[in-house]
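# Structural characterization, general
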Amino acid sequence: MLCYPLGAMGVGGVGYLIPRWRHLQMFVALVCAPVLILFIWLVPESSRWLAFTGKREKAAAVLSLIATRNGHPVPTAQIQQYILPKRQRTESGKSIKSIALPGSEPTARDLITNPIIRTFFIAIAFAWTASTFMYSGVSYNLDGLFPSTPITLVVCGSLEATFLILTYFLLRKVGRKLPLFMFFIVSFIGSAIAIFALTFNAPSLLVSVASLLCRSCGAGISMILMSFSVELFPMAIKNVSI
């Protein structure tokens, strides 16, 4: 999540030097294209997804590669002892694809039919919709805060990066629910201040500061909701739920 505000800061800094948006777009595309192409070879497939879909030998190979890159090599055979079913350990020549996973596999339909998953899904979807609505809405009041859009991007990115770092430590020390509740309360207060200021023609600076506060809290809310989504939903429907 920290890459989002860092990217905004980078675009703002480059945009200050390259004011024409077409030239800026071309520069960013030329710089990022080689990195995105190398992404295919540098980043392995998700080991959890490989294991869930039955490709557990490949999952073990990916985990072994990660361990090696981190300076703690672990043989693939040793990893297979923990993620391969017992019959696969004794039948080394048999294709892993032919071994079905135990139990019924969850599907996207479970987001509605399963009562527990449905409760999680509705709660997360409502919270994410409210956060996105607030984040996008307050962004409209940031144009006049600074003399140019690039400077606005740099300042907003800096504040959001600070809030995300704060959120990271809160998640480690406090948990998920309390920081999420706190950020929503602060966002509500900031939104109320902005609405009050706009209604009674208060100084535009007050509106912009309240909008920056809401936007930064929205970034923290998105980070917490992402953690919730990853932890609450089964692997098979994780991407759909997110």
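Residues numbered from 1 in each chain as written. Predicted model: local features only at pLDDT ≥ 70, side-chain atom pairs only at ≥ 80, totals over all residues. Heavy atoms only, no water.

## A closer look at helix α8 (residues 115–138)
For α8, with 24 residues, the first-to-last C-alpha span of 35 Å sits near the 34 Å given by 1.5 Å per residue. All of the buried residues along α8 are Ile117, Ile124, Ala127, Trp128, Ser131, Met134 and Val138. Residues of α8 that are buried in the fold lie against α7 (110–113), α10 (177–199) and α11 (204–232). (Helix = DSSP H or I, 4+ residues; strand = E, 2+ residues; numbered from the N terminus. Expected span 1.5 Å × (residues − 1). Buried < 20%, exposed > 50% of the residue type's maximum accessible area, 1.4 Å probe, protein only. Contact = heavy atoms within 4.5 Å.)

## Side note on the side chain of Ser64
Within the secondary structure layout, Ser64 lies in helix α4 (residues 56–69). What makes Ser64 buried here is its relative accessible area of 10%. Each residue touching Ser64, except ones within four places of it in the same chain, is listed here: Val74, Pro75, Thr76 and Ile79.

## Notes on the pattern of salt bridges
Between side chains of opposite charge, pairing is possible as soon as their charged atoms come close. Under the counting rule described, the total for this entry stands at two salt bridges. Between Glu160 and Arg215 there is a salt bridge whose closest N-O contact spans 2.5 Å. Of this pair, Glu160 sits in helix α9 (residues 149–173) while Arg215 sits in helix α11; the two residues are 55 residues apart in sequence, bridging distant segments of the chain. Each of the two residues, Glu160 as well as Arg215, counts as buried. The closest approach of N and O atoms between Glu231 and Arg176, which form a salt bridge, is 2.4 Å. (Salt bridge = Lys/Arg side-chain N within 4 Å of Asp/Glu carboxyl O.)

## Description of a nonpolar patch on the surface
Together, Val174, Leu178, Phe181, Met182, Ile185, Phe188, Ile189, Ile193 and Leu206 make up a nonpolar patch on the protein surface, roughly 840 Å² of accessible area in all. The element best represented in the nonpolar patch is α10, accounting for seven residues. (Patch = residues over 30% accessible without salt bridge, like charges linked within 9 Å, V, L, I, M, F, W, Y side chains within 5 Å. Areas by Shrake-Rupley, 256 points an atom, 1.4 Å probe, with all protein chains shown as cover.)

## Some thoughts on the packing of helix α1 (residues 3–17) against α9
Between α1 and α9, the shortest axis-to-axis distance is 8 Å and the interhelical angle comes to 160°. By the angle between their axes, α1 is roughly antiparallel relative to α9. In this structure, α1 crosses over α9, and the sense of that crossing is left-handed. Contacts between α1 and α9 involve Pro5, Ala8, Met9, Val11, Gly12, Gly13, Gly15 and Tyr16 from the first element and Pro150, Ile151, Leu153, Val154, Gly157, Ser158, Glu160, Ala161 and Leu164 from the second. Considering only residue class, the contact of α1 with α9 consists of 11 nonpolar, five polar and one charged. (Axes fitted to C-alpha atoms, helices over the stretch in contact; angles between N-to-C directions. Parallel < 35°, antiparallel > 145°, perpendicular 65-115°, else oblique. Left-handed = near helix turned anticlockwise from the far one by under 90°. Nonpolar A, V, L, I, M, F, W, Y, C, P; charged D, E, K, R; others polar.)

## Observations concerning the packing of aromatic side chains
Summed over all chains, the structure comprises three aromatic pairs. Ring geometry for Phe163 and Phe183: centres 6.1 Å apart, planes at 45°, overall tilted. Here Phe163 is found in helix α9, whereas its partner Phe183 is found in helix α10, with 20 residues between them in sequence. (Phe/Tyr/Trp six-rings, centres within 6.5 Å; stacked < 30°, edge-to-face > 60°.)

## Some details on the environment of Ala77
Looking at the element boundaries, Ala77 is found in helix α5 (residues 76–83). With relative accessibility at 51%, the residue Ala77 sits in the exposed group. A C-alpha to C-alpha distance of 9.1 Å links Ala77 and Ser64, two positions 13 residues apart in sequence.

## Observations concerning α4
Over its 14 residues, α4 runs 20 Å from end to end, which matches the ideal 20 Å to within 8%, given 1.5 Å per residue. Listing the buried residues of α4 in full gives Arg56, Ala59, Ala60, Val62, Ser64 and Ala67. Where α4 is buried, its residues contact α3 (47–52) and α5.

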